[in-house]
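Listed below, chain by chain, are the residues.
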Amino acid sequence: MNEMNEVRKPPVATTGIIGWLRINLFFNWTNSLITLFVIYCLYQFIPWILDWTIFSADFKYNYLGEQITNQEMCSRNLDPENGGACWAVIYVRFYQFIYGFYPKVEVWRVNIAYFMLALALLPLLYSKLPYRKYFLYFTYIFPVIAYFLLNGGLGFTEVSTNKWGGLLVTLVLGCTGIALAFPIGIMLALGRRSKLPVISMMCTLFIEFIRGVPLITLLFFGMVMLPLFLPEGIDMDGLVRVLVAVTLFQSAYMAEVIRGGLQAIPPGQYEAAKSLGMSYWRMNLLIILPQAIRISIPPIVNTSIGLFKDTTLVIIVGILDLLGIGRGTLADTNWLGLSYEIYFFVSLVFFIFTFGMSRYSLYLEKKLKTGINMGAD
Amino acid sequence: MSEESIISLKNVNKWFGDFHVLQDVNLEVKKKERIVVCGPSGSGKSTMIRCINRLEEHQEGSIVVDGIELTGNLKNIDNVRKEVGMVFQQFNLFPHLSVKENITLAPIWVKKMPKAEAEELAMRQLEIVKIPEQANKYPGQLSGGQQQRVAIARSLAMNPNIMLFDEPTSALDPEMIKEVLDVMVDLANGGMTMIVVTHEMGFAKTVADRMVFMDEGKIVEEASPDKFFNNPESDRTKLFLSQILHQ
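Residues numbered from 1 in each chain as written. Chains lettered and ligands numbered in written order. Predicted model: local features only at pLDDT ≥ 70, side-chain atom pairs only at ≥ 80, totals over all residues. Heavy atoms only, no water.

1. Observations regarding the overall build of chain A
Item 1. Counting its secondary structure elements, chain A contains 17 helices and zero strands.
Item 2. Based on the C-alpha atoms only, the size of chain A along its principal axes is roughly 85 × 80 × 45 Å.
Item 3. By the burial criterion, 42% of the 377 residues in chain A qualify as buried.
Item 4. Put simply, of all contacts in chain A between residues at least 6 apart along the chain, 67% involve residues at least 24 apart. (Helix = DSSP H or I, 4+ residues; strand = E, 2+ residues; numbered from the N terminus. Buried < 20%, exposed > 50% of the residue type's maximum accessible area, 1.4 Å probe, protein only. Contact = heavy atoms within 4.5 Å.)

Right under this line is the structure:
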């Protein structure tokens, strides 16, 4: 009897590294074959990509030790047998990639704005940050500070937005679009579900119209048509027009995503809130939206990532974002033919941001699920 | 008669589409009276009590709660909801908030109570329903019986004059029913005006001042528990009782 009461450990072969390998990689015959094939492919690919991007690549000097100033001096153009990527193009054009054509004397303002953006994101990323409340206040006023810093005014020299470019434009469009579209999307989603037919119809019309039109069309619309709606004498900045188009586009998608979350909330939640005497707005702000948004985190991040990448479309209306600067560099005879390097770099920057967003959403999901069982389970 | 009644339903009619759920329902409830409503499913008993705090709208007749008539007037509806607490079959706790936050939310936001005071109130209510040790857990971590007791505490925290119970034990495992009924008996003994929709006939016998039996949207019989269980008038009531008492 005593033996029966002993805690039995699982068989050795199913735990630990060996167990994991067995179950996941060498479970049976076909499984083992596929594993070996994949290992072989990686063995072929990884050394090659490492060699091209790092070991044989030029960063600032070519293999002769000269500083590279145009594509002819790249090792791979001097000696096609040798040499990998020619990162010198990124090095030389780095300023444009990050700031566009922002005047060099004023560029400290952009650097401060970048730093402040990181600071503003901090309390959103770490909920256990000490003095988080005060950091959050900063997050709320950051857009205003950033506007004056980047655009000028309040004693700063004005820097016209047509001098902005590169990562600066990508971040301004992405961050503003996502940040503004979120509250507008919530209002649209609530409006579409409203019992008042006029409000519901207006929201539905807006969402369906914006969603039914390609972003590029909206960008042209913003560029060409928006000024017609403004009173005479008021000139709207080009970047602002694009921003309006991007925000409207994103808010329509966000509205549908949040509406999906709202539909998942059981009617009992509304009834409980009402029976406690809560008004429509209190009920939505305190009970319904916190749950609906929690459910919708994966699709919210999904559309946000989508928008961040879609900002590259502004190249169509003549605004040079990160990709636009890359295309511009490629058109320069000094750097002709370096498309691998430039697209690789642009992809990498986009990947870093979008991958960060994706990890953040996973972190949020985990954090919000601990201790809370949603719904019926 | 109607002067001392705190709830008064007169010729209330309601339709869901073409379906006539409530047909000329008349009911007077006096202060501190405990009413138990029973009847087969689909008889309109839930709909009736949901009309009393306007979770459902009635289409004809009048409903007056504590002197306030329920019409489209939003202010009246708000005022009635402040008087009336409700407990649901599915508990309907807010899953994203802790037990304590579930209870303090309405006092803080609807009654503008300071947070510290609301928390004290929440702890007092949790003592009443006998689960103060669960204050910082989330609803998903509690058993059904505990969740329903939190729901009762949440309603009581708004200090209502009237409590409506919509089949409060129907979603519970048998061994948890008693803990919820015990709390409801305490509440009844404390002098709360209660309307309870339930099939717990044992509870009805001990607590009810009056039984209301509904079928097909009508009130078929209203009687004291003694008369209702031992000497019911209508055949429909007899049939219902024989089915539910002799399972």
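Additional details are given in the paragraphs that follow.
2. Here we look at the interface of chain A and chain B
Item 1. On the chain B side, the residues contacting the 21 residues of chain A number 23 residues.
Item 2. Carbon and sulfur atoms make up 62% of the surface buried where chain A meets chain B, a total of about 2,100 Å² over both sides.
Item 3. When the buried area of chain A at its contact with chain B is split by residue, A:Glu271, A:Ser275 and A:Leu276 rank highest and sum to 28% of it.
Item 4. On inspection of chain A and its partner chain B, the count reaches one salt bridge.
Item 5. In this structure, the salt-bridge partner of B:Arg50 is A:Glu271, at a minimum N-O distance of 2.7 Å.
Item 6. At the junction of chain A with chain B, the criterion picks out six residue pairs in polar contact (both at pLDDT 80 or more). (Buried area = accessible area lost by both parts, 1.4 Å probe. Salt bridge = Lys/Arg side-chain N within 4 Å of Asp/Glu carboxyl O. Polar contact = N/O pair within 3.5 Å; in protein donor to acceptor, adjacent residues only side chain to side chain.)

3. Focus on the sheet that holds strand β4 (residues 60–65) of chain B
Residue and element names in this part refer to chain B.
Item 1. Taken in spatial order, the four strands of this open sheet run β2-β1-β4-β5, and their pairing is antiparallel. Lying at the two open borders of the sheet, with one neighbouring strand each, are β2 (19–30) and β5 (68–69).
Item 2. Where β4 lies against β5, two bridges are found, and the strand directions are antiparallel. Following the sheet pairing, Val-65 is matched in β5 by Ile-68. (Pairing = 2+ DSSP bridges.)

Shape is all these values report; function is a separate question.
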